[in-house]
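# Geometric and topological summary
Next come the chains, spelled out residue by residue.
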Amino acid sequence: MTPRLPASLLVLERGWLSANTILFLEGDEATLVDSGYVSHAEQTVALVGQALAGRRLKRLLNTHSHSDHIGGNAALQAAFGCSITVPAGLHATIADWDENALLLSPLGQQSARFQHDGLIGPGNEIVMGDLVWQALAAPGHDMEALVYYNPDQRLLISGDALWQNGFGVIFPELLGEAEGLAATRATLETLAALPIDIIIPGHGSPFAEVDQAFALAFRRLDAFAADIDKLAWHAIKVIVSFAMLERQRLPVDAFRSFVRELPFAVDVNQRYLGLDEETLAGRVERDLLLVGALRRENGWIFAA
């Protein structure tokens, strides 16, 4: 059963490639959190326009800077004239549009460039949908990520820091940029200590099974910490799956070349797995076919 949310809050649950979009109704105005992937931008504008029902979209905030959360920013700003507020730690990355730091180039992903108007940082408070939300640091998946917490209604907008079935890939650890595993553990411990009744994740439906979600997240984190190769292999498969969802299909004889040329897969394999390129590409294809993330038909490999 989907938990009941405040009437001023509407979750537009999206399928991959897009993150969920959360709309806060504020009289004749509205605020939005996260905007989906760039290839879904036209759909995002249509969905938001319908949900606004004549209101003015005043503000757009992001939980973090990954492509499936910021990809509709430019289109929404163009369509509705809203301001854009991003986590404070991302100011330079977004202002300079550093495609490596934004993980666009390494992951083979896209986003439309936008200009932000404001910053929000850990410890700041913001009123959205007539509720006061606390911005809390949530490093791990993205070291500059924020979550938004309302203590009165015991609601958490968790972005990719926590889902019902886990959390987002811990990129900083795999790319050697930061201690992402330790940061993820600290984030989960901080969030688990909060009184929470409902979690609105970046992907999937809002849920009230809070204790179960934290227990699963800690078990998954423990498994990755015990064997970093598991995290590396999981991450490569996730990123290839995402890339295939964007492309929809590739000729069978082009798929393995595609994997071998994906910068993230190449880098993480070299750092952790040490497989030769053909073995890497073959195992990715086999595993994704086995779990149904891909299907092979008439000389093509399709995203399933």
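I will try to describe carefully the structure that is included in this document. (Residues numbered from 1 in each chain as written. Predicted model: local features only at pLDDT ≥ 70, side-chain atom pairs only at ≥ 80, totals over all residues. Heavy atoms only, no water.)

## Description of the sheet that holds strand β1 (residues 9–12)
Spatially, 6 strands are ordered β1-β2-β3-β4-β5-β6 in an open sheet, and the strand pairing comes out mixed. Unpaired on one side and paired on the other, β1 and β6 (118–120) mark the two borders of the sheet. With direction set aside, neighbouring strand axes in the sheet form an average angle of 25°. Bridge count between strand β3 (residues 29–33) and strand β4 (residues 56–61): 5 bridges; the pairing is parallel. Across the sheet, the residue bridging to L32 is L60, located in β4. Each of β3, β4 and β5 (83–87) touches helix α3 (residues 73–80); the most contacted strand, β4, lies at about 155° to it. (Pairing = 2+ DSSP bridges. Helix = DSSP H or I, 4+ residues; strand = E, 2+ residues; numbered from the N terminus. Axes fitted to C-alpha atoms, helices over the stretch in contact; angles between N-to-C directions. Contact = heavy atoms within 4.5 Å.)

## A look at the layout of surface pockets
It is a probe the size of a water molecule, rolled over the atoms, that shows where empty space is left. Roughly 730 Å³ of volume is contained in the largest pocket. Surrounding the largest pocket, 30 residues form its lining, W16, W163, H234, V238 and S241 being those nearest its centre. For the lining of the largest pocket, the secondary structure elements donating two or more residues are α2 (67–70), α8 (210–226), α9 (228–247) and α12 (277–290). With 7 residues, the top contributor of residues to the lining of the largest pocket is α9. (1 Å grid on protein atoms, 1.4 Å probe; cavity = no way out; pocket = protein on both sides within 12 Å on 5 of 7 lines; lining within 4 Å. Points joined across faces, edges and corners; volume = space filled by probe spheres on them.)

## Points about the sheet that holds strand β12 (residues 249–251)
Pairing is antiparallel in the open sheet, where 3 strands are placed in the order β12-β14-β13. Pairing within the sheet leaves two strands with one partner each, and these edge strands are β12 and β13 (294–297). Taking each pair of neighbouring strands and ignoring which way they run, the sheet shows an average axis angle of 25°. Sheet topology places β13 next to strand β14 (residues 300–303); 4 bridges connect them, and they run antiparallel. Counted as the bridge partner of E297 is W300 from β14. Where α9 meets the sheet, it contacts β12, β13 and β14, and its direction lies at approximately 100° from that of β14. Along the sheet, α12 contacts β13 and β14; its crossing angle with β13, the most-contacted strand, is approximately 100°.

## Some words on the side chain of S35
Residue position: S35 is located in the loop between β3 and α1 (41–52). Looking at S35, its side chain comes within polar contact range of the main-chain nitrogen of G72, at 3.0 Å. S35 has contacts with R14, T21, T44, L60, N62, H69, I70, G71, G72, N73 and L76, leaving out every residue within four places of it along the chain. (Polar contact = N/O pair within 3.5 Å; in protein donor to acceptor, adjacent residues only side chain to side chain.)

## Focus: the packing of α9 against helix α10 (residues 252–260)
Axis angle and axis distance: for two packed helices, these are the angle between their axes and the distance between the axes, and together they describe the pair. In contact at an axis separation of 11 Å, α9 and α10 are set at 130° when each is read in the N-to-C sense. Looking at the two axes, α9 sits oblique to α10. Every pair of crossing elements has a handedness; the one defined by α9 and α10 is right-handed. Packed against α9, whose contacting residues are V240, A243, M244 and R247, the element α10 presents F255, F258 and V259 at the interface. Each residue belonging to the contact of α9 with α10 can be placed in one class, and the counts come to 6 nonpolar, no polar and 1 charged. (Parallel < 35°, antiparallel > 145°, perpendicular 65-115°, else oblique. Left-handed = near helix turned anticlockwise from the far one by under 90°. Nonpolar A, V, L, I, M, F, W, Y, C, P; charged D, E, K, R; others polar.)

## Regarding the side chain of S8
Residue position: S8 is located in the segment before β1. One polar contact links the side chain of S8 to the main-chain carbonyl oxygen of G129, over a distance of 2.7 Å.

## Re α12
Helix length check: α12, at 14 residues, gives a terminal C-alpha distance of 20 Å against a target of 20 Å (1.5 Å per residue), a fit within 8%. L280, A281, G282, V284, E285, D287 and L288 are the residues of α12 that are buried. For α12, the secondary structure elements touched by its buried residues are α9, α10, α11 (263–273), β13 and β14. A side-chain oxygen of the first residue of α12 lies 3.2 Å from the backbone nitrogen of E278; this N-cap is D276. Immediately beyond the C-terminal end of α12, within one or two residues, lies G292, with a positive phi of roughly 85°. (Expected span 1.5 Å × (residues − 1). Buried < 20%, exposed > 50% of the residue type's maximum accessible area, 1.4 Å probe, protein only.)

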